Amino acid sequence: MGIATSRLKNSTISALDKFDISRYFNVVISADDVEKHKPDKEPLIKAINELNSTPDKTLYVGDSKFDMECALNAGAIPALAGWQHGSDILAAKYNIRYVLKKMWDITNLV
């Protein structure tokens, strides 16, 4: 699994360490690892390449329009973290097939 985030590397690594989950991610692409940022596809494509995968086999979970646009721009499968206000509008706007109501819903997709 990997992360493609708009956060800076220090902040991202700190959050992963704080929650003791860094061991679950083989790749972390942060804002300081790319020139173009979401919604551009560059961060996600970089993560996909480092994971030796392909966009069509990549499920990208995010909670914003920038995340959904990034996934679509990269040719990945977008999944919306749908527990925040306005997620139904966002899902409809981008025709998102997978909307997670709770984090554990991801287990039904993988």
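Refer to the structure printed above.
Keep in mind that this is a model prediction, so the values were computed, not measured. (Residues numbered from 1 in each chain as written. Predicted model: local features only at pLDDT ≥ 70, side-chain atom pairs only at ≥ 80, totals over all residues. Heavy atoms only, no water.)

S.K.: I tried to follow the sheet that holds strand β5 (residues 98–100) on my own but got confused; where do I start?
M.R.: Strand order in the open sheet formed by 3 strands is β3-β4-β5, and the pairing between neighbours is parallel. Each edge of the open sheet is held by one strand with a lone partner, namely β3 (59–62) and β5. Direction aside, neighbouring strands of the sheet carry axes that sit 25° apart on average. (Pairing = 2+ DSSP bridges. Helix = DSSP H or I, 4+ residues; strand = E, 2+ residues; numbered from the N terminus. Axes fitted to C-alpha atoms, helices over the stretch in contact; angles between N-to-C directions.)

S.K.: Just to check I follow, could you spell out the pairing of β3 for this structure?
M.R.: Along any regular strand the residues' side chains alternate between the sheet's two faces. The alternating pattern of β3 places Y60 and G62 on a buried face, while none of L59 and V61, on the opposite face, is buried. Here β3 runs beside strand β4 (residues 77–81); their pairing, made up of 4 bridges, is parallel. Looking at the pairing, V61 lines up with A79 of β4. For the segment spanning β3, helix α3 (residues 65–74) and β4, crossover handedness is right-handed. (Buried < 20%, exposed > 50% of the residue type's maximum accessible area, 1.4 Å probe, protein only. Right-handed = clockwise from strand over helix to strand, strands pointing away.)

S.K.: Please clarify how the environment of F19 should be interpreted in this entry.
M.R.: The residue F19 is located in the loop between α1 (9–18) and β2 (27–29) in this model. For the pair F19 and H85, spaced 66 residues apart in sequence, the C-alpha separation works out to 25 Å.

S.K.: Would you take a moment to explain the environment of I3 for this structure?
M.R.: Turning to its location among the elements, I3 is positioned in strand β1 (residues 2–4). Assessed through its relative accessible area of 17%, I3 is described here as buried. When the C-alpha positions of I3 and G62 are compared, they lie 10 Å apart, and in sequence the two are 59 residues distant. The residues touching I3, leaving out its near neighbours within four places in the chain, are L16, F25, V27, V28, I29 and A47. (Contact = heavy atoms within 4.5 Å.)

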